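# Remarks on the overall topology
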Amino acid sequence: MHMQSPPVNSLSLDFLTELCISLEKLEMDKGCRGLIITSVLSNQPKVFSAGLDILEMYGKSPEHCGEFWKVVQEMWLKFYGSNMGSSPAGGCLLSLTCDYRIMADNPRYTIGLNETQLGIVAPFWFKETMVNTVGHRNTEVALQLGLLYKPAEALKIGLVDQLVPEDQVFTVASQTMTKWLTIPGNVSVITTKSTLNLLFSFQLWCFNLV
Ligand SMILES: CCCCCCCCCCC/C=C/C(=O)SCCNC(=O)CCNC(=O)[C@H](O)C(C)(C)COP(=O)(O)OP(=O)(O)OC[C@H]1O[C@@H](n2cnc3c(N)ncnc32)[C@H](O)[C@@H]1OP(=O)(O)O
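Residues numbered from 1 in each chain as written. Predicted model: local features only at pLDDT ≥ 70, side-chain atom pairs only at ≥ 80, totals over all residues. Heavy atoms only, no water.

This paragraph deals with the overall build of the protein. Looking only at helices and strands, the protein has nine helices and seven strands in total. Its C-alpha atoms give the protein a radius of gyration of 16 Å, near enough to 17 Å, the size a compact globule of 210 residues would have. Seen along its three principal axes, the alpha-carbon backbone of the protein occupies a region of about 45 × 40 × 35 Å. Taking all 210 residues of the protein together, the buried fraction comes to 43%. Excluding contacts between residues fewer than 6 apart, the proportion of contacts in the protein whose partners are at least 24 apart in sequence is 71%. Taken as a whole, the protein presents about 11,500 Å² of accessible surface, with 60% of it coming from carbon and sulfur. (Helix = DSSP H or I, 4+ residues; strand = E, 2+ residues; numbered from the N terminus. Rg over C-alpha atoms; globule rule 2.2 N^0.38 Å. Buried < 20%, exposed > 50% of the residue type's maximum accessible area, 1.4 Å probe, protein only. Contact = heavy atoms within 4.5 Å. Areas by Shrake-Rupley, 256 points an atom, 1.4 Å probe, with all protein chains shown as cover.)

As structure tokens, this is what we get:
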């Protein structure tokens, strides 16, 4: 799936709605077993996603805000695999929801949950997704300082799984996907994934988010 919503793939209500509809269609497609999501913006260096669209969170009606927040949560529940450039805040969440993250090795790109730098708070399910990926201590430091990591730093703490030269990102993503798809049977993979997320799913249920 190629994201192309200039200038920076910010996650607006329209963009997220279209994303969720596309994902639902793919989920229903029995022939689809994996998804690589990437940005095809023409800017250089490339942005994966600038995160939630800031304009959606300012001066809008309560109904609009409710609708927006609901679709943000839907997006978070659905993702699979990604490759990317810059991914602040909601853009980082988008990639954290994936099973494997490949980042272009360009020090001009950054990734992280930088909410505190913006004077806002990363919701608890952003935080939990980060803890599940990089552990509690790394998350504590990252979130309190609102850190945006360069590729090498992101790899070091496990925020991304692999760095590759910029022109090879999609090739490597396709090779990685091929490897993951050698695991036989959807059921065992889905069950394993659900088991890994069991505690988190329960927490979300307690907070009435699913
Ligand atoms: C409705 C419910 C309300 C609940 C409220 C509770 C709050 C809960 C908080 C939830 C957690 C928040 C998650 C988020 O994702 S907040 C968004 C965080 N995003 C960022 O901090 C990214 C900011 N952008 C950048 O760092 C850079 O733009 C970027 C590195 C992505 C690209 O840099 P580049 O130099 O290539 O491009 P520009 O900076 O010149 O930007 C180009 C234009 O894009 C506009 N832009 C950028 N980011 C956003 C964005 N997130 N939303 C909307 N628009 C964005 C930017 O303004 C430029 O526009 P103009 O050309 O018109 O100036």
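In this structure, Leu16, Met75, Ile111, Met130 and Leu159 are the most contacted members of the largest nonpolar core, which totals 48 residues. Here the element with the most residues in this core is helix H1 (residues 13–28); it accounts for six residues. In this structure isoleucine 111 touches Met84, Ser87, Cys92, Ser95, Met103, Leu147, Leu148, Tyr149, Ala154, Leu159 and Val160, once residues within four positions along its chain are discounted. (Core = buried A, V, L, I, M, F, W, Y, C linked by side-chain atoms within 4.5 Å.)

With that settled, the discussion passes to the packing of helix H4 (residues 124–134) against helix H5 (residues 136–145). Between H4 and H5, whose axes approach to 7 Å, the crossing angle comes to 130°. Taken as axis vectors, H4 and H5 run oblique relative to one another. Every pair of crossing elements has a handedness; the one defined by H4 and H5 is right-handed. Contact residues: Lys127, Met130, Val131 and Val134 in H4; His136, Asn138, Thr139, Ala142 and Leu143 in H5. Class assignment for the residues of the contact of H4 with H5 results in five nonpolar, three polar and one charged. (Axes fitted to C-alpha atoms, helices over the stretch in contact; angles between N-to-C directions. Parallel < 35°, antiparallel > 145°, perpendicular 65-115°, else oblique. Left-handed = near helix turned anticlockwise from the far one by under 90°. Nonpolar A, V, L, I, M, F, W, Y, C, P; charged D, E, K, R; others polar.)

Attention now goes to H4. When we look at burial in H4, the residues that qualify are Trp125, Phe126, Glu128, Thr129, Met130, Val131 and Val134. Two residues or fewer past H4, glycine 135 is found with a positive phi of approximately 90°.

Another aspect to go through is the site of the ligand. Close contacts around the ligand come from 23 residues, with Ala50, Leu52, Ile54, Ala89 and Gly90 the closest. A distance of 2.8 Å is found between an oxygen atom of the ligand and a backbone nitrogen or oxygen belonging to glycine 90. Here the ligand, which alone exposes 1,200 Å², has 59% of that area covered by the protein. A breakdown of the residues in the shell around the ligand according to their chemical character gives 17 nonpolar, four polar and two charged. (Near = heavy atom within 4 Å. Polar contact = N/O pair within 3.5 Å; in protein donor to acceptor, adjacent residues only side chain to side chain.)

Of note, the bond from proline 6 into proline 7 is cis; its omega dihedral lies within 30 degrees of zero at 5°. With respect to the helices and strands, proline 7 occurs in the loop between strand E1 (2–3) and H1. The backbone of asparagine 9 shows a phi angle near 50°, a positive value even though the residue is not glycine.

Okay, a nonpolar patch on the surface next. Taken together, the side chains of Leu199, Phe202 and Trp205 make up a nonpolar region of the molecular surface, amounting to roughly 400 Å² of accessible area. Looking at the secondary structure, you find phenylalanine 202 in helix H9 (residues 198–206). (Patch = residues over 30% accessible without salt bridge, like charges linked within 9 Å, V, L, I, M, F, W, Y side chains within 5 Å. Salt bridge = Lys/Arg side-chain N within 4 Å of Asp/Glu carboxyl O.)

Glancing now at the packing of aromatic side chains. Scanning the entire structure with this criterion turns up three aromatic pairs. Ring geometry for tyrosine 100 against tryptophan 180: centres 6.0 Å apart, planes inclined by 65°, an arrangement best described as edge-to-face. In this pair, tyrosine 100 is assigned in the loop between helix H3 (90–96) and strand E5 (101–104) and tryptophan 180 in helix H7 (residues 169–180), connecting sequence segments 80 residues apart. The exposure class assigned to tyrosine 100 is partly exposed, which follows from its relative accessible area of 22%. (Phe/Tyr/Trp six-rings, centres within 6.5 Å; stacked < 30°, edge-to-face > 60°.)

Attention now moves to the pairing of E5. Side chains of E5 alternate between two faces, with Arg101 and Met103 and Ile102 and Ala104 buried alike. The pairing of E5 with strand E7 (residues 162–164) spans three bridges and is classified as parallel. Considered in E7, the bridge of isoleucine 102 is made with glutamine 162. (Pairing = 2+ DSSP bridges.)

Summarising the element assignment, phenylalanine 15 is placed in helix H1. Spatially, the C-alpha atom of phenylalanine 15 lies 21 Å from that of arginine 101, the residues being 86 residues apart in sequence. Beyond its immediate chain neighbours, meaning those up to four positions away, phenylalanine 15 contacts Met3, Ser5, Asn9 and Ser10.

Purely geometric numbers; function is a separate question.
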